[in-house]
Amino acid sequence: MFNRRVFSDMRRAGMGIGVSKAKLSEAMLNVLLQLPMGSSNLKEIIVTHLGLIGQMAATRDINEAWTQTKKKAAKLYPDKFILDSRNNLTWNDGTVKVIDKYISPANFKKLNELAIEKECSVNEIITKFLKVYSKDIG
């Protein structure tokens, strides 16, 4: 059976798989979504499930594709995955409270429509909202 050393020797000899980092990242995301909730060692499991592509890809390509995959998974599927401050991808089991860092596209669209209607910027509207909110609470 082939092992990783044989594949690294083949890469050094000039043979490669010809798969871009973006395609590798896309394949990793597809495998990640199929894993059962609570799986550990996600990167190792995903590379194993990629088969020949995972074995033949260079380590630096796998690492870069994994970084892209983590960001995509946390952004596209926040109900399933959380990317913490140390850039670790973890399962969102409901015990961790996610603090919103971004405005959803629907709310951003509503803010833009309101800004056009009131003839001011989105930043000014948010500033006014925060002032009113802090007065109501305080």
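Residues numbered from 1 in each chain as written. Predicted model: local features only at pLDDT ≥ 70, side-chain atom pairs only at ≥ 80, totals over all residues. Heavy atoms only, no water.

Peer 1: When you look at unusual backbone geometry in this model, what are you seeing that I'm missing?
Peer 2: In terms of backbone geometry, most residues other than glycine have negative phi values and most peptide bonds are trans. Phi angles above zero are rare outside glycine, and Asn41 is one such case at about 55 degrees. Mapping Asn41 onto the fold places it in the loop between α2 (21–34) and α3 (42–49). The residue Glu119 is not glycine, and still its phi comes out positive at about 55 degrees. Counting through the fold element by element, Glu119 comes out in the loop between α6 (105–118) and α7 (122–137). For Glu119, a relative accessible area of 74% gives the class exposed. (Helix = DSSP H or I, 4+ residues; strand = E, 2+ residues; numbered from the N terminus. Buried < 20%, exposed > 50% of the residue type's maximum accessible area, 1.4 Å probe, protein only.)

Peer 1: Honestly, the packing of α2 against α3 in this entry has me stumped. Any pointers?
Peer 2: Any two packed helices are characterised by how steeply their axes cross, that is the angle between the axes, and by the distance between the axes. The geometry of α2 relative to α3 is characterised by a closest axis approach of 9 Å and an angle of 110 degrees between their N-to-C directions. When the axes of α2 and α3 are compared, the pair comes out roughly perpendicular. As α2 runs across α3, the sense of the crossing is right-handed. In contact with Met28, Val31 and Leu32 of α2, α3 contributes Leu42, Ile46, Val47 and His49. Within the contact of α2 with α3, the residues separate by chemical class into six nonpolar, one polar and no charged. (Axes fitted to C-alpha atoms, helices over the stretch in contact; angles between N-to-C directions. Parallel < 35°, antiparallel > 145°, perpendicular 65-115°, else oblique. Left-handed = near helix turned anticlockwise from the far one by under 90°. Contact = heavy atoms within 4.5 Å. Nonpolar A, V, L, I, M, F, W, Y, C, P; charged D, E, K, R; others polar.)

Peer 1: Mind showing me how you'd approach a positive patch on the surface here?
Peer 2: Taken together, the side chains of Lys118, Lys128, Lys131 and Lys135 present a region of like positive charge at the surface. For the positive patch, the leading source of residues is α7, giving three residues. Residue placement: Lys135 occurs in helix α7. (Patch = residues over 30% accessible without salt bridge, like charges linked within 9 Å, V, L, I, M, F, W, Y side chains within 5 Å. Areas by Shrake-Rupley, 256 points an atom, 1.4 Å probe, with all protein chains shown as cover. Salt bridge = Lys/Arg side-chain N within 4 Å of Asp/Glu carboxyl O. Lys, Arg positive; Asp, Glu negative; His and termini not counted. Charge placed at Lys NZ, Arg CZ, Asp CG, Glu CD.)

Peer 1: Explain α3 here, please?
Peer 2: Turning to α3, its buried residues are Leu42, Ile46 and Val47. With its buried residues spanning 125 degrees around the axis, α3 presents them on a single face. When the buried face of α3 is taken as reference, the exposed residues oriented beyond 90 degrees from it are Glu44 and Thr48. Residues of α3 that are buried in the fold lie against α2, α4 (52–56), α5 (59–76) and β2 (89–91). Immediately downstream of α3, the backbone of Gly51 shows phi near 70 degrees, a positive value. (Arc of directions from axis to C-beta.)

Peer 1: Please explain the packing of aromatic side chains as it appears in this structure.
Peer 2: Within a pair of aromatic rings, the relevant descriptors are the distance that separates the centres and the angle that separates the planes. Applying the stated rule across the entire model yields one aromatic pair. Taking 4.8 Å as the distance between ring centres and 40 degrees as the angle between the ring planes, the aromatic pair formed by Phe81 and Trp91 counts as tilted. Pair noted here: Phe81 is in strand β1 (residues 81–83) and Trp91 is in strand β2, with a separation of 10 residues, a long-range link. The pair formed by Phe81 and Trp91 is uniform in burial state, with each residue classed as buried. (Phe/Tyr/Trp six-rings, centres within 6.5 Å; stacked < 30°, edge-to-face > 60°.)

Peer 1: Where do I start with the pattern of salt bridges in this structure?
Peer 2: Pairing is possible between side chains of opposite charge, provided their charged atoms come close. Scanning the model with the defined rule gives two salt bridges in all. One salt bridge connects Lys21 with Asp61, and the closest N-O pair in it is separated by 3.8 Å. You can see Lys21 sitting in helix α2 and its partner Asp61 sitting in helix α5, a full 40 residues away along the chain. Classification of Lys21 by relative accessible area gives partly exposed; the value is 32%. Between Lys21 and Glu64 there is a salt bridge, with its nearest N and O atoms 3.6 Å apart. Linking Lys21 in helix α2 with Glu64 in helix α5, this pair joins segments that are 43 residues apart in sequence.

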